[in-house]
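# Report on the structure
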Amino acid sequence: MTETQPILSPEILVPRIGEHLVNKGLITSDQLQQALQEQSALRKTQTNVPLLGEILVKLNFLSRTQLDSAITEHVLQLRAALIDANQQLEQRVQQRTAELEKALIKLSELNQLKANFIANISHELRTPLTHIKGYQELLLCGELGPLTGDQSAALGTIKRASERLERLIEDLILYATSERTHMPINIAPLELCTLCREVIEHSRRKADDQQLDLVFVSPERSLQVRADRDKLNWVLFQLVDNAIKFTPTGGKIHLELAPETDCVNVQVIDSGIGISPNRITEVFEPFHQLDGSSTRKYSGTGLGLSLVKKILDAHDTTIQVESELGKGSRFSFRLPLITKGEEAKYPHE
């Protein structure tokens, strides 16, 4: 058995040439079946089997000229069909692009309306809350008359609830501001260890109430960074408060500062309930709780970590999360350290 050379023909470029030849009336269906059977038989004895058109010419069912003419016509038809399909596809792409652009504009408008609504409502809530806080202070100070022990305890509970409500309102205002404009920050030098100690002391009572071991770990030296003090204070308090919220009684929470070559790694580590690795990105979505059920155990607006990310993004740093269900979580970010040469630039800050 000898191996024949492949036959080069324009027929290679077109599919279903036999059906086209039948439709053109150049061959009959019986002739096509006979040619196909011939081609099938040849496949059993040789490697390079002639194309169907070549077999039809060999069987004298049509001439070479007729075959070439039919192939040329078929190629032109396919080309025209391809051009038409491409034009239709391009029109559909343009149409879908226009629809998506309209949807994006609509979404942007809705987000703006949502931000404006949140900002307006938050500001409106501030006024009655201010009155509540003012009168409760008058009552607690005895300005409106003596109180019994039970009344003082009740007012203490009201005060703590008012403070929590105030924090929620401030979070909503901060979120609305960040949605309407870029997160505003005022960068200045600050001593990070001092700020962290303030956060720990502010969180101490809540941690003690839940019998949690709250620890601040830092080197025995000053760590100067450039950041927005109020915003960074908010971030640290939020991370520590979250750790307290999601750590069961008897657990541990560490706020650690780990200096590196030109930066400091800020870490909040807890032994809490942890987060499933495939759901970590969800914790940064605004108004989102991992447990969204009506019977969820942990309260909150779902804004905290979303705002943490926005604030740290504005500081050109990234929040990192490592977590394991049932074993705890580590939230960390890096801040550049001010070098000795840079300290001289800001002697009065």
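Quick note: structure is the one above.
### Digging into the nonpolar core
The nonpolar side chains of a soluble globular protein tend to be buried, and buried together. Grouped together as the largest cluster of nonpolar side chains are 49 residues, with contacts concentrated most on Leu192, Leu232, Leu236, Leu239, Leu255, Leu257 and Phe333. If you tally residues by element for this core, the top one is helix α7 (residues 229-245), at nine residues. Apart from the residues lying within four places of it in its own chain, the contact partners of Leu192 are Leu223, Val225, Leu232, Leu257, Val264 and Val266. Counting 15 residues, the second-largest nonpolar core is a separate cluster that includes Ile27, Leu32, Phe61 and Ala70.

### Things to note about the pattern of salt bridges
What the rule picks out here adds up to twelve salt bridges. With a shortest N-O distance of 3.5 Å, Lys159 and Glu137 are connected by a salt bridge. Of this pair, Lys159 sits in helix α5 (residues 149-180) while Glu137 sits in helix α4 (residues 64-140), and the two are 22 residues apart along the sequence. A relative accessible area of 28% places Lys159 in the partly exposed class. Two residues, Lys327 and Glu324, come together in a salt bridge whose shortest N-O distance is 3.6 Å. The exposed category is assigned to Lys327, whose relative accessible area is 58%.

### Here we look at the environment of Ser218
By secondary structure assignment, the location of Ser218 is in the loop between β2 (213-217) and β3 (224-227). Residues Ser218 and Glu256, spaced 38 residues apart in sequence, show a C-alpha to C-alpha distance of 5.9 Å. Not counting residues up to four positions away in its chain, the partners in contact with Ser218 are Cys193, Arg197 and Leu257.

### Comments concerning the environment of Phe333
Here Phe333 shows up in strand β7 (residues 328-336). Residues Phe333 and Ile319, 14 residues apart in the sequence, show an inter-C-alpha distance of 4.9 Å. Other than its neighbours up to four places away in sequence, Phe333 contacts Leu232, Val235, Leu236, Leu239, Val264, Asn265, Val266, Leu312, Thr317, Thr318 and Ile319.

### Re helix α2 (residues 29-43)
Here α2 is 15 residues long and its end C-alpha atoms lie 21 Å apart, about the 21 Å a rise of 1.5 Å per residue gives. Of the surrounding secondary structure, the elements contacted by the buried residues of α2 are α1 (17-24) and α3 (52-58).

### A short note on the packing of helix α6 (residues 192-209) against α7
The contact between α6 and α7 brings their axes to 10 Å, and the two run at 35°. The handedness of the crossing between α6 and α7 is right-handed. Seen from α6, the contacting residues are Leu192, Leu195, Cys196, Glu198, Val199, His202, Ser203, Lys206 and Ala207; seen from α7, they are Arg229, Leu232, Asn233, Leu236, Phe237, Val240, Asp241 and Ile244. Here the residues of the contact of α6 with α7 are counted per class, giving ten nonpolar, three polar and four charged.

### Let's talk about the state of the cysteines
Scanning the model with the defined rule gives zero disulfides in all. Of all cysteine sulfurs, the one in Cys196 lies closest to Cys193, which takes part in no disulfide; the gap is 6.7 Å.

### Brief notes about the pairing of β2
By the alternation rule, side chains of β2 split into Leu214 and Phe216, which are all buried, and Asp213, Val215 and Val217, of which none is buried. In this structure, β2 lies alongside strand β4 (residues 252-259), joined through five bridges in parallel fashion. The partner of Val217 across the bridge, within β4, is Glu256.

### Examining the sheet that holds β2
The sheet built from five strands is open, its strands ordered β2-β4-β5-β7-β6 with mixed pairing. Only two strands of the sheet have a single neighbouring strand rather than two, namely β2 and β6 (320-324). The average undirected angle you get between the axes of adjacent strands in this sheet is 10°. α7 rests against β2, β4, β5 (263-270) and β7 of the sheet, and its axis sits at about 170° to β7.

### Considerations on the side chain of Glu191
With respect to the helices, strands and loops of the structure, Glu191 is situated in strand β1 (residues 188-191). Despite being buried, Glu191 has no salt bridge partner; Arg197 is the closest side chain of opposite charge, sitting 4.7 Å away. A polar contact is formed between the side chain of Glu191 and the backbone nitrogen of Leu223, at a distance of 2.7 Å. Residues within four places of Glu191 in sequence aside, it is in contact with Ser222, Leu223 and Gln224.

### Some remarks on the packing of α7 against helix α8 (residues 304-314)
In contact at an axis separation of 10 Å, α7 and α8 are set at 145° when each is read in the N-to-C sense. Of the two elements, α7 crosses α8, and the hand of that crossing is left-handed. Between α7 and α8, the contacting residues are Lys231, Trp234, Val235, Gln238, Leu239 and Asn242 on the first element and Gly304, Leu305, Leu307, Val308, Ile311 and Leu312 on the second. In terms of residue class, the contact of α7 with α8 is made up of eight nonpolar, three polar and one charged.

### Topic: the pairing of β7
Where β5 meets β7, eight bridges bridge the pair, whose relative direction is antiparallel. For Ile269, the partnering residue across the bridge sits in β7 and is Arg330. In this sheet, β7 lies alongside β6 in antiparallel orientation, the contact comprising five bridges. Paired with Glu322 across the strands is Arg330, a residue of β7.

Reading the values: the criteria
Residues numbered from 1 in each chain as written. Predicted model: local features only at pLDDT ≥ 70, side-chain atom pairs only at ≥ 80, totals over all residues. Heavy atoms only, no water. Core = buried A, V, L, I, M, F, W, Y, C linked by side-chain atoms within 4.5 Å. Buried < 20%, exposed > 50% of the residue type's maximum accessible area, 1.4 Å probe, protein only. Helix = DSSP H or I, 4+ residues; strand = E, 2+ residues; numbered from the N terminus. Contact = heavy atoms within 4.5 Å. Salt bridge = Lys/Arg side-chain N within 4 Å of Asp/Glu carboxyl O. Expected span 1.5 Å × (residues − 1). Axes fitted to C-alpha atoms, helices over the stretch in contact; angles between N-to-C directions. Left-handed = near helix turned anticlockwise from the far one by under 90°. Nonpolar A, V, L, I, M, F, W, Y, C, P; charged D, E, K, R; others polar. Disulfide = S-S within 2.5 Å. Pairing = 2+ DSSP bridges. Lys, Arg positive; Asp, Glu negative; His and termini not counted. Polar contact = N/O pair within 3.5 Å; in protein donor to acceptor, adjacent residues only side chain to side chain.

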